[in-house]
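# Architecture at a glance
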Amino acid sequence: MPTPARLAFLDRLKTFAVVAVISGHAVMGYAQVGSWPYEEVREVVLSPTAEVVVSVLLVPPGLFLMPLFFFIGGTLAPGSLARKGRRRFVVDRLRRFGLPVAFFALVLWPLCFWWVDRVGGSRLGFWQTFLEGDPFLDPGPLWFVLVLLFFSVGLAFWPWPARRPSAEPSPGRVGWYVAAIAVGTFGMRLFFPVDSSQVLGLHLWQWASCLGLFCLGASAPGAWTCGVSLSLRRWAGWSALTGVVLIGVVVLLGGPFRYSEEQAAGGFHGAAAAMAVVEGLVTVGTSLWLVGLAAAHDHPPGRLARAGARAAYGAYVLQAPVLIALAMALRPLPAPAEVKAPLLAALAVTTSFALAHLLVTRTPVGRVL
């Protein structure tokens, strides 16, 4: 269900984040950066210049978009838990999160790969494609929904939510979250480097930032639902900017950091440590800055904004088959990747939200999405 009207700014932020994720996946299909199924059979690829531009535009959002979802989820979860009680809260989360993940991992995501493989010349059946999936039972982009389910259930059985503080934490206290995320990220990636494979596609290399943002949201939901103070928002903005600048420093001065993509992905390397610090600064700073910015410019939602917020979760769930289908439809179009990528992004966002709106308003699926 959509958030209450007084939290319309969180609805808008959630909708913006879903649009950004779908658009990013559309571009990844034609780019070297990132990973998306369609890249295996893409008919055109971005030019080197466009690739650089795309990397600059996609890498920072790639760091903070998923943690932002966890921050919003952590902010809203304690209130939902207090209203519903533990049993109803857990059952609701299992229905809203568990059912879409199961359907996606068992049907939709394998179907996407089977379709792409068929276009690429494979003659494997759907069942073979499903059994040979790597990682097994991969929920694709819904990995974050599965992990959010774990965190939400954990919150329900943790003793502190009833005594949660409502005051906004100081920058110093928030700084401890930045440090914890940096240390946790570095430690986790010693064992699970970026893009490593785990059953259920759990993305363990991102858990430190995701759990840190979830806990930060849940630690003071009464404060975050009112926005972020100007002083903390400025602190958060400077923290995020520092992290982005540090990315450039690490890449440009790669020698002192022993920078390479492989070393930055994890291990006992200077580049991995620097990128862990970047992740702490960018994920916390950007999430707080965006929440504060959205709250500062809040206003009563219009009809389109309400419809978008209601359909955002469904659009996220539907994005993969929609993106694959539209990319296949655009294959015959004699246009470069620089044209197809933004065109696919616009079509996929519109189609995903339109289909999701129909499902949540006209069918029983709305009880889940």
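Relevant structure appears above.
The present account deals with the structure reproduced in this document. (Residues numbered from 1 in each chain as written. Predicted model: local features only at pLDDT ≥ 70, side-chain atom pairs only at ≥ 80, totals over all residues. Heavy atoms only, no water.)

## Side note on the overall build of the protein
When helices and strands are counted, the protein shows 13 helices and 0 strands. In terms of overall dimensions, the protein is globule-like: its C-alpha atoms have a radius of gyration of 20 Å, near the 21 Å expected for 369 residues. The principal-axis extent of the C-alpha atoms belonging to the protein is close to 60 × 55 × 40 Å. In the protein, which comprises 369 residues, the share counted as buried stands at 50%. In the protein, the share of contacts with a sequence separation of at least 24, taken over all contacts with a separation of at least 6, comes to 79%. (Helix = DSSP H or I, 4+ residues; strand = E, 2+ residues; numbered from the N terminus. Rg over C-alpha atoms; globule rule 2.2 N^0.38 Å. Buried < 20%, exposed > 50% of the residue type's maximum accessible area, 1.4 Å probe, protein only. Contact = heavy atoms within 4.5 Å.)

## Some remarks on the packing of helix α4 (residues 143-156) against helix α6 (residues 207-219)
For the pair α4 and α6, the least separation of the axes is 11 Å and the interaxial angle reads 45 degrees. By the angle between their axes, α4 is oblique relative to α6. For α4 against α6, the interelement crossing comes out right-handed. Residues W143, V147, L148, F150, F151, S152 and L155 of α4 form the contact with α6, whose participating residues are W207, C210, L211, F214 and A218. Here the contact of α4 with α6 is built from residues that sort into 11 nonpolar, 1 polar and no charged. (Axes fitted to C-alpha atoms, helices over the stretch in contact; angles between N-to-C directions. Parallel < 35°, antiparallel > 145°, perpendicular 65-115°, else oblique. Left-handed = near helix turned anticlockwise from the far one by under 90°. Nonpolar A, V, L, I, M, F, W, Y, C, P; charged D, E, K, R; others polar.)

## Concerning helix α11 (residues 270-296)
An α-helical segment advances 3.6 residues per turn. Residues three or four places apart therefore align on the same side. Across its 27 residues, α11 extends 38 Å between first and last C-alpha, which sits within 8% of the 39 Å expected from 1.5 Å per residue. A large share of α11 lies buried, amounting to 19 of its 27 residues. (Expected span 1.5 Å × (residues − 1).)

## Comments concerning the environment of G285
Note that G285 resides in helix α11. For G285, a relative accessible area of 0% gives the class buried. Residues G285 and A236, spaced 49 residues apart in sequence, show a C-alpha to C-alpha distance of 4.0 Å. If near-sequence neighbours (up to four positions away) are discounted, G285 is found in contact with A236, G237, S239 and A240.

## Focus: the pattern of salt bridges
Counted according to the given criterion, the structure contains 8 salt bridges. Measuring nitrogen to oxygen at the nearest pair gives 3.5 Å for the salt bridge that ties K14 to D11. Here D11 and K14 lie together in helix α1 (residues 8-28), a separation of 3 residues that amounts to about one turn. Salt-bridge contacts for E43 lead to K340; the nearest nitrogen and oxygen are separated by 2.6 Å. Of the two residues, E43 is situated in the loop between α1 and α2 (48-119) and K340 in helix α13 (residues 337-362); the sequence distance between them amounts to 297 residues. Classification of E43 by relative accessible area gives partly exposed; the value is 29%. A network of salt bridges, in which partner residues are shared, links K84, D92, R93 and R95. (Salt bridge = Lys/Arg side-chain N within 4 Å of Asp/Glu carboxyl O.)

## Considerations on unusual backbone geometry
With phi around 70 degrees, D195 is a residue other than glycine that occupies positive phi space. By the secondary structure assignment, D195 is in the loop between α5 (171-188) and α6. The backbone of H203 sits at a positive phi, close to 50 degrees, despite the residue not being glycine. In this structure, H203 sits in the loop between α5 and α6.

## Here's the deal with α4
When the terminal C-alpha atoms of α4 are compared, their 20 Å separation across 14 residues agrees well with the 20 Å that a helix rising 1.5 Å per residue should span. Within α4, 11 of the 14 residues are buried, which leaves the element mostly enclosed by the surrounding structure. Here α4 has its buried residues at W143, F144, V145, L146, V147, L148, L149, F151, S152, L155 and A156. As for α4, its buried residues are in contact with α2, α6 and α12 (303-330).

## Overview of the packing of α1 against α12
Viewed as axis vectors pointing N to C, α1 and α12 meet at an angle of 10 degrees, and their least axial separation amounts to 9 Å. Compared by their axis directions, α1 and α12 come out roughly parallel. Together, D11, K14, T15, V18, V21, I22, H25 and A26 of α1 and G308, A309, A312, A315, Y316, Q319 and L323 of α12 make up the contact between the two elements. Residue composition of the contact of α1 with α12, grouped by class: 9 nonpolar, 4 polar and 2 charged.

## Considering the nonpolar core
Most often, soluble globular proteins keep nonpolar side chains buried together rather than apart. Within the largest apolar cluster, 103 residues are counted, with the highest numbers of intra-cluster contacts made by F70, F144 and L288. Top contributing element to this core by residue count: α2, with 23 residues. (Core = buried A, V, L, I, M, F, W, Y, C linked by side-chain atoms within 4.5 Å.)

## Let's talk about the packing of aromatic side chains
Applying the stated criterion across every chain, the model contains 15 aromatic pairs. Where F151 meets W207, the ring centres are 5.6 Å apart and the plane angle is 80 degrees; that geometry is what we call edge-to-face. Pair noted here: F151 is in helix α4 and W207 is in helix α6, with a separation of 56 residues, a long-range link. The exposure class assigned to F151 is buried, which follows from its relative accessible area of 9%. The rings of F69, F70, W143, F144, F151, W207, F214 and Y316 are connected pair by pair, giving a single aromatic cluster. (Phe/Tyr/Trp six-rings, centres within 6.5 Å; stacked < 30°, edge-to-face > 60°.)

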